[in-house]
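Below are the chains, spelled out letter by letter.
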There are 2 protein chains.
Amino acid sequence: MADRNPPARPGSEAPSLPARPTIYDVAERAGVSKSLVSLVLRDAPHVSDARRLAVLNAIEELGYRPSRAASALASQRTRSVGVLIDDFHNPWFVELLGGLRSVLDPAGYTVSVADFQLEAASGRNPVDGFIAQHVDALVLAAEPEEGLLRDVSVPVVVAGVRELGSGALPHADVVAGDDELGGELATRHLLDLGHRAIAHISGRSGPAAHRRRGYERTMRGAGLASRVVGADRTTTEAEGYAAAHELFAEHPEITALVASNDLMAVGTFAALRERGLSVPADVAVVGYDNSPLAAYRYLALTSVDPHSREIGAETARTLLSRLDDPGAPRRHALIEPSLVVRESTAPRG
Amino acid sequence: MADRNPPARPGSEAPSLPARPTIYDVAERAGVSKSLVSLVLRDAPHVSDARRLAVLNAIEELGYRPSRAASALASQRTRSVGVLIDDFHNPWFVELLGGLRSVLDPAGYTVSVADFQLEAASGRNPVDGFIAQHVDALVLAAEPEEGLLRDVSVPVVVAGVRELGSGALPHADVVAGDDELGGELATRHLLDLGHRAIAHISGRSGPAAHRRRGYERTMRGAGLASRVVGADRTTTEAEGYAAAHELFAEHPEITALVASNDLMAVGTFAALRERGLSVPADVAVVGYDNSPLAAYRYLALTSVDPHSREIGAETARTLLSRLDDPGAPRRHALIEPSLVVRESTAPRG
DNA sequence: ATGAAAGCGCTAACAA
DNA sequence: TTGTTAGCGCTTTCAT
């Protein structure tokens, strides 16, 4: 160790590495061994206060930042978790991420996120990057595609999506919103408002299927006929628009709509306006997600709040205990949603 | 090297490391040295086809993935760039990211993103994570806060924000939209439609200041008086709403509005509706960002498109040449915006 | 064209 | 409680 960091570095054309201090520098400055520094870093219990202080000071003075690469290499764990988001355009992930971090940060874990769409557009398997990065675990906030996680050997928690298509992920834990209950909440709210001719605009995603089920169950419970459209479409604004037009062309008697998400609900607004129907006077509309969209005054959309932040936090807790005990039985948690009433719903005229 | 990967690993309670193959395994299987494997990996020029093929096959058969941690440690570069987003809720970053990756991916760089708000909520300096990660460069898609990048020694490119408050980042390259031109585009469009009483709803961000300037310049050019409100507020939907109310309370003669972004524009929609004014019949409204919001049929907002994807691509190109030549003169690129006309603007009634 | 060998900065036994 | 030591998986001269 005599000639570490020699005055003039061999490859001194290195662009931007002004001799970043290492654990050796800290150790030297603090007058201790580098093991001790390592111990202080992850504050091990049996270090004398004097030494600890010396090390801490040295760290401070040198502006030392541990190298993740080195510690990952040495410890075979990165203390990082990869989060694969379905689509950055859908803002529900922001809340999810907040919840995730509220638990993972204090536990010393770093989270890195990737967008499934973006990743796929680059023509690569989105999880490849994460495994190259040696993440300790994966959170999948997206529909688990067949074979996506074939050779993934770290724990996986699926967040937000309850339906696991054809057992694609037999080993994954799942934390999701109780979408069926959410569908029920939305429908019951309209029922309570006196509506009877309530239709549902659905989509082909897993969550959409559960929401639909909640709607259907509730209608049946009230002795009413279900009317569902769009169960085979994507859950976009455009499809919501198209679905509403179809619905009202055939069934002008409808007075209320449950949409599978806020985006579709906004789509219905446009169709309704074009048909000369006003919200909520002629038609009441409920969305799902309680996204920022729903809160805009111009839309003021009554919406089911899945409590995404809580889903994130619970996902993180699940992850941590899975990491703690890889052999524990698979967990499947459901977070209870609630309804946020705004101005898009009113008693039946 | 005799006993690497012994049959039973010492700490064989390791959760999830089923002997991930290393470069040694590949070398052995291909019957070459690990140096050769390394050469093949970043396809060096002088490797015989036979060997190369053998190595490639071994890699394939073993399912080998290089360890980023190890290569980062050995090479002192991660081939990764950190992107600091202002706020994940603002979807403009998605396009930016797409553009960034379209040039960074082929160049072999990995991008990792963080959200400034989220990061700050955790009470840590958002760039700390990046520097611990050893990113080779930083993209700042946010207002550069004072002192944020104090001890950052890697190249920084500021994306999208043109105004650098009090020289906070004297060394950073900048790639931004030409917001002043955008403001002009919006205003000119309304002028062309015959509007004369055109007001502007602004905010206190850097981009907002430029957009405002474009508006003012254009009004002045037309011999008209400017009317600006909200230059000291945040650029949110709520502020757009409040600003529109104030504006029309005092100046009911206004027939057109230029908003500093789409969010504020949506805010004005609500205020206008409350005042019994309809869009575009009574008041024409132009937004900025051409966000997904603007495209919703129910809003159909005419908006200035900053071409965020192109901003991202140009940012990446700037980054790459900066990495290539750290000493090159600072670059400052402006991307030209365009106007997307929808239904929120119409000729003056 | 290919291989040997010396680290990169850190962790984790083990010794002391 | 603290120091010694042997790697982690890869890159990179330098030989050959």
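You'll find chain A entered in an unreviewed UniProt entry as LacI family DNA-binding transcriptional regulator, with Sinomonas terricola given as the organism.

## Describing the pairing of strand 3 (residues 137-141) of chain A
Residues and elements named next belong to chain A. Of all five residues making up strand 3, five are buried, and the element is well covered by its neighbours. Sheet topology places strand 1 (residues 80-85) next to strand 3; five bridges connect them, and they run parallel. Residue Ile85 lies in a different strand from strand 3, and its bridge partner there is Ala141.

## Some points on the relation of the copies chain B and chain A
Rotating chain B by 180 degrees about the axis while translating it 0.0 Å along that axis superimposes it on chain A, leaving an RMSD of 0.1 Å. The operation mapping one copy onto its partner corresponds to a two-fold rotation axis. Taking the C-alpha atom as reference, chain B places Ala69(B) closest to the rotation axis, 2.2 Å from it. A high fraction, 100%, of the interface residues of chain B reappear at the interface in chain A, so the copies pair face to face through one surface.

## Digging into the environment of Val340(B)
Relative to the elements of secondary structure, Val340(B) occurs in strand 12 (residues 338-340). Put simply, Val340(B) and Val258(B) are 82 residues apart on the chain and 14 Å apart in space, counted from C-alpha to C-alpha.

## Thoughts on the packing of aromatic side chains
Taken as a whole, this structure holds eight aromatic pairs over all chains when the rule is applied. Considering the side-chain rings of Phe88(A) and Phe88(B), the 6.1 Å spacing of their centres and the 20 degrees angle between planes classify their relative orientation as stacked. With Phe88(A) in the loop between strand 1 and helix 5 (92-104) and Phe88(B) in the loop between strand 1 (80-85) and helix 5 (92-104), this pair bridges two chains. You can call Phe88(A) buried: its relative accessible area is 3%.

## Quick word on the sheet that holds strand 6 (residues 198-201) of chain B
Residues and elements named next belong to chain B. Strands sit in the order 7-6-8-9-10-12 across an open sheet of six strands; the sheet is mixed. Whereas interior strands pair on both sides, the edge strands pair on one side only; in this sheet they are strand 7 (228-229) and strand 12. Summarising the sheet, strand 6 and strand 7 pair through two bridges and their orientation is parallel. Counterpart to His200 in the pairing with strand 7 is Val228. In the packing of helix 10 (residues 237-250) onto the sheet, contacts are made with strand 6, strand 7 and strand 8 (256-259), and the angle to strand 6 comes to roughly 145 degrees.

## Overview of the interface of chain B and chain A
Facing 52 residues of chain B, the contacting portion of chain A comprises 53 residues. Carbon and sulfur atoms supply 63% of the area that chain B and chain A bury against each other, a total of about 4,800 Å² over both sides. Along the contact surface separating chain B from chain A lie six salt bridges. Put simply, Glu119(B) and Arg101(A) hold a salt bridge, and the shortest N to O gap is 2.8 Å. Joining chain B to chain A, the criterion identifies 18 residue pairs in polar contact (both at pLDDT 80 or more).

## Observations regarding the domain arrangement of chain A
By domain assignment, chain A separates into domain 1 (23-75), domain 2 (80-177 + 308-335) and domain 3 (179-306). Between the C-alpha centres of domain 1 of chain A and domain 2 of chain A the distance comes to 32 Å.

## Here's the deal with the sheet that holds strand 10 (residues 302-305) of chain A
Paired through their backbone hydrogen bonds, the strands of a sheet run either parallel or antiparallel. Residue and element names in this part refer to chain A. Read across the open sheet, the six strands follow the order 7-6-8-9-10-12; overall the sheet is mixed. Of all the strands in the sheet, just strand 7 (228-229) and strand 12 (338-340) have a single pairing partner and so form its edges. Bridge count for strand 10 against strand 12 is three bridges, and the pairing is antiparallel. Paired with Val304 across the strands is Leu339, a residue of strand 12. Of the strands in this sheet, strand 6 (198-201), strand 7, strand 8 (256-259) and strand 9 (284-288) touch helix 9 (residues 206-221), which is tilted by about 165 degrees from strand 6. Each of strand 6, strand 7 and strand 8 touches helix 10 (residues 237-250); the most contacted strand, strand 6, lies at about 145 degrees to it.

So, how was this worked out
- Residues numbered from 1 in each chain as written.
- Chains lettered and ligands numbered in written order.
- Predicted model: local features only at pLDDT ≥ 70, side-chain atom pairs only at ≥ 80, totals over all residues.
- Heavy atoms only, no water.
- Buried < 20%, exposed > 50% of the residue type's maximum accessible area, 1.4 Å probe, protein only.
- Helix = DSSP H or I, 4+ residues; strand = E, 2+ residues; numbered from the N terminus.
- Pairing = 2+ DSSP bridges.
- Least-squares fit on C-alpha atoms with pLDDT ≥ 70 in both.
- Contact = heavy atoms within 4.5 Å.
- Phe/Tyr/Trp six-rings, centres within 6.5 Å; stacked < 30°, edge-to-face > 60°.
- Axes fitted to C-alpha atoms, helices over the stretch in contact; angles between N-to-C directions.
- Buried area = accessible area lost by both parts, 1.4 Å probe.
- Salt bridge = Lys/Arg side-chain N within 4 Å of Asp/Glu carboxyl O.
- Polar contact = N/O pair within 3.5 Å; in protein donor to acceptor, adjacent residues only side chain to side chain.
- Domains from an automatic or database assignment.

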